[in-house]
Amino acid sequence: MNIPQSKFPRIVIIGGGFAGVNLVKSLLNKDLQVVLLDKHNYHTFQPLLYQVSSSGLEPDSIAYPLRKIIKKHKNSFFRLAEVEYIDADKNEITTNIGTLNFDFLVIATGTKTNFFGNKAIEINSMPMKSVPQALNIRSLILQNFEKAAISSTEEERQAYLNFVIVGGGPTGVELAGAIAELKNHILPRDYHDLDSGDMQIHLLEGANRVLPPMSEHASQKAEKFLKRLGVHVHTNVFVKDYDGKHVTTNSDLKLHTETLIWAAGVTGSPIHGLNVESILERTNRYKVNRFNQIEGYDSIFALGDIASMATENYPNGHPQVAQPAIQQGKLLGKNLIRFIKNESPKPFTYKDKGSMATIGRNKAVVDLKHFKFGGFLAWFIWMFIHLMSLVGFRNRVIVFFNWTYNYINFDKAARLIIRPFKK
């Protein structure tokens, strides 16, 4: 790997997501050697992936080079690599570019799409957990519009213009709203020979309401906003099969579509080598204590979505969203210094700052501890918080100008098929 030997303790961090990036930032300018590993050379601001897939933003506005974070720090290194195995006895990891020893290891690999063992859905549906996947969805949506414009039969045209989103959580709700805005504002102007009324958007959720993690108030508001945009919301509906054209559900609902976007859940991405007992079978998350140490190990930690820390308020682990990852990353940076100095670490306590989801222009819902609301104010707060949470001043400026342009012109300027998608 060409990492030099150092007189300082070596901390190896696997994953450049919210947890990994905030941990790295907290360790810079310390008497440590920090090595960050990731299979991509950029950090992805995942809450805005849906805007890339719906032509609202270009991918470079929500991605940030990982090397740029550490470029001024000589004792910090980045390697583009995939970790394949952890040897806890040797304090060593094996990657696709070589092996590396560590004094402390932090796993922040996040999650991957959970297809619940259904291979047909895994093969034929469209996941959205990374920038390349979001670009695939963008290309497919626009290619479907082009194919619908030249379709010779009504059945074929409707299949191209039917969009099915599975999963009514924040990702599914936000994506459904964004695609509905494509239907309402872009299709009538760009495709004069198509009837926008032929385009159908179906949101399928297995629970009895959309946004199950949020309050009843937020769910009701979100469903109202979605229906106002023309989205067909189906609750208590599970998808059994999808062959690339036909969706089979547990109800009488049967849909003919060329596009099924899967946003129905995630599962952890553990790395081979550690004790199986340290991984929860149901969620594939590492069991960690209040200091983020993986059960059974003193110098190996897990952060964010891949970590399950059972507490009184969160017996099944913290929500798999950005804030727990950010807060855990910042605290672990301080605790690692304490471990090295043989001082007592501080236990993690999650500060819940609330949850929110946007459904489209002037439409969002916000759940705070003592206050729940929706509409324009919620939408404005959602935009401000997401804008300020982006990594890098340049990204904030670009996203701000894109949002301003889109708001004034009812336009989504990034509707480009740069890399055609083939099923």
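This structure is a prediction, so every number in the text was calculated from the model and none was measured.

Parameters at a glance
Residues numbered from 1 in each chain as written. Predicted model: local features only at pLDDT ≥ 70, side-chain atom pairs only at ≥ 80, totals over all residues. Heavy atoms only, no water. Helix = DSSP H or I, 4+ residues; strand = E, 2+ residues; numbered from the N terminus. Rg over C-alpha atoms; globule rule 2.2 N^0.38 Å. Buried < 20%, exposed > 50% of the residue type's maximum accessible area, 1.4 Å probe, protein only. Contact = heavy atoms within 4.5 Å. Areas by Shrake-Rupley, 256 points an atom, 1.4 Å probe, with all protein chains shown as cover. Lys, Arg positive; Asp, Glu negative; His and termini not counted. Charge placed at Lys NZ, Arg CZ, Asp CG, Glu CD. 1 Å grid on protein atoms, 1.4 Å probe; cavity = no way out; pocket = protein on both sides within 12 Å on 5 of 7 lines; lining within 4 Å. Points joined across faces, edges and corners; volume = space filled by probe spheres on them. Nonpolar A, V, L, I, M, F, W, Y, C, P; charged D, E, K, R; others polar. Pairing = 2+ DSSP bridges. Axes fitted to C-alpha atoms, helices over the stretch in contact; angles between N-to-C directions. Core = buried A, V, L, I, M, F, W, Y, C linked by side-chain atoms within 4.5 Å. Salt bridge = Lys/Arg side-chain N within 4 Å of Asp/Glu carboxyl O. Patch = residues over 30% accessible without salt bridge, like charges linked within 9 Å, V, L, I, M, F, W, Y side chains within 5 Å. Phe/Tyr/Trp six-rings, centres within 6.5 Å; stacked < 30°, edge-to-face > 60°.

Caption draft 1: Just the overall build of the chain, in detail. Scanning the chain from terminus to terminus reveals 11 helices and 25 strands. Taking 2.2 N^0.38 as the reference for a compact globule, 423 residues should give roughly 22 Å; the C-alpha atoms of the chain span a radius of gyration of 22 Å, in line with that estimate. Over its C-alpha atoms, taken along the principal directions, the chain stretches across nearly 70 × 40 × 40 Å. Among the 423 residues that make up the chain, the fraction classed as buried is 54%. Long-range pairs, those at least 24 residues apart, make up 63% of the contacts in the chain with a sequence separation of at least 6. Summing over all exposed atoms, the chain offers an accessible surface of approximately 19900 Å²; the carbon and sulfur share of this is 52%. Looking at charge distribution, the chain has the averaged site of its 50 positive side-chain charges lying 9 Å from that of its 38 negative ones.

Caption draft 2: Summary view of the layout of surface pockets. Here the second largest pocket defines a volume of roughly 470 Å³. Broken down by secondary-structure element, the contributors of at least two residues to the lining of the second largest pocket are helix 1 (18-27), helix 9 (322-340) and helix 10 (376-389). Here the lining of the second largest pocket takes 6 residues from helix 9, the largest share from any one element. Looking at side-chain class alone, the lining of the second largest pocket contains 9 nonpolar, 7 polar and 6 charged residues.

Caption draft 3: Fine view of empty space enclosed by the protein. In total, this model carries 1 cavity of 30 Å³ or more according to the counting rule given. In this model, the largest cavity occupies a volume close to 370 Å³. Along the walls of the largest cavity sit 22 residues, with Q51, E181, R361, N406 and K412 positioned nearest its centre. Sorting the residues of the lining of the largest cavity by element identifies helix 2 (49-53), helix 7 (170-190), strand 23 (355-360), helix 10 and helix 11 (393-409) as the ones contributing at least two each. With 6 residues, helix 7 is the single largest residue contributor to the lining of the largest cavity. For the lining of the largest cavity, a count of residues per class yields 10 nonpolar, 7 polar and 5 charged.

Caption draft 4: Spatial organisation of the sheet that holds strand 1 (residues 10-14). Strands sit in the order 5-2-1-9-21 across an open sheet of 5 strands; the sheet is parallel. A strand with exactly one partner marks an edge of an open sheet, and here the two such strands are strand 5 (76-80) and strand 21 (300-302). Across this sheet, the average inter-strand angle for adjacent strands is 20 degrees, counted without regard to direction. Sheet analysis places strand 1 next to strand 9 (residues 104-107), joined by 4 bridges and oriented parallel. Across the sheet, residue I13 finds its bridge partner in strand 9, namely V106. Against the sheet, helix 1 contacts strand 1, strand 2 (33-38) and strand 9, and its axis sits at roughly 160 degrees relative to strand 1. Helix 9 contacts strand 1, strand 9 and strand 21 of the sheet and is inclined by roughly 160 degrees relative to strand 9.

Caption draft 5: Structural detail: the nonpolar core. I13, L48, V106, F145, I179 and L336 are the most contacted members of the largest nonpolar core, which has 93 residues in total. Those residues in contact with L336, other than ones at most four positions away along the chain, are I11, L23, L27, F104, V106 and F301. I3, F77, L100 and L331 belong to the second largest nonpolar core, which has 28 residues in total.

Caption draft 6: Layout of the pattern of salt bridges. Inspection of the entire model under this criterion finds 11 salt bridges. The partner of E223 in a salt bridge is K227, with the nearest N and O atoms 2.9 Å apart. Here the residue E223 and the residue K227 both occupy positions in helix 8 (residues 216-229), the gap between them amounting to 4 residues, near one helical turn. The class of E223 is partly exposed, set by a relative accessible area of 21%. Its salt-bridge partner being D411, residue R415 comes within 2.5 Å of it at the nearest N-O pair. The network of salt bridges with shared partners includes D190, D411 and R415.

Caption draft 7: Structural detail: a positive patch on the surface. Taken together, the side chains of K25, K330, K334, K346, K351 and K353 present a region of like positive charge at the surface. A relative accessible area of 44% places K25 in the partly exposed class.

Caption draft 8: Spatial organisation of the packing of aromatic side chains. Counted according to the given criterion, the structure contains 14 aromatic pairs. Their ring planes at 75 degrees and their centres at 5.6 Å tell us that F18 and F45 sit as a pair that is edge-to-face. With a gap of 27 residues between them, F18 in helix 1 and F45 in the loop between strand 3 (42-44) and helix 2 connect regions that are remote in the sequence. Summarising the burial analysis for this pair, F18 and F45 share the class buried. A connected cluster of aromatic rings, assembled from ring pairs, spans F376, W379, F380 and Y407.

Caption draft 9: Representation of a nonpolar patch on the surface in the model. On the surface, a cluster of nonpolar side chains totalling about 720 Å² of accessible area is made up of F376, F380, F384, I385, M388, Y407 and I408. For the nonpolar patch, the elements supplying multiple residues, two or more each, are helix 10 and helix 11. You can see I408 is positioned in helix 11. The exposure class assigned to I408 is exposed, which follows from its relative accessible area of 59%.

Caption draft 10: Expanded view of the sheet that holds strand 18 (residues 259-262). Reading across from one edge, 11-18-12-13-14 is the order of the 5 strands in this open sheet, with parallel pairing throughout. On the outer flanks of this sheet lie strand 11 (126-127) and strand 14 (231-235), each paired with one strand and no other. Helix-sheet contacts for helix 8 involve strand 13 (200-205) and strand 14, and the interaxial angle to strand 14 is about 140 degrees.

Purely geometric stuff here, so don't read any function into it on its own.
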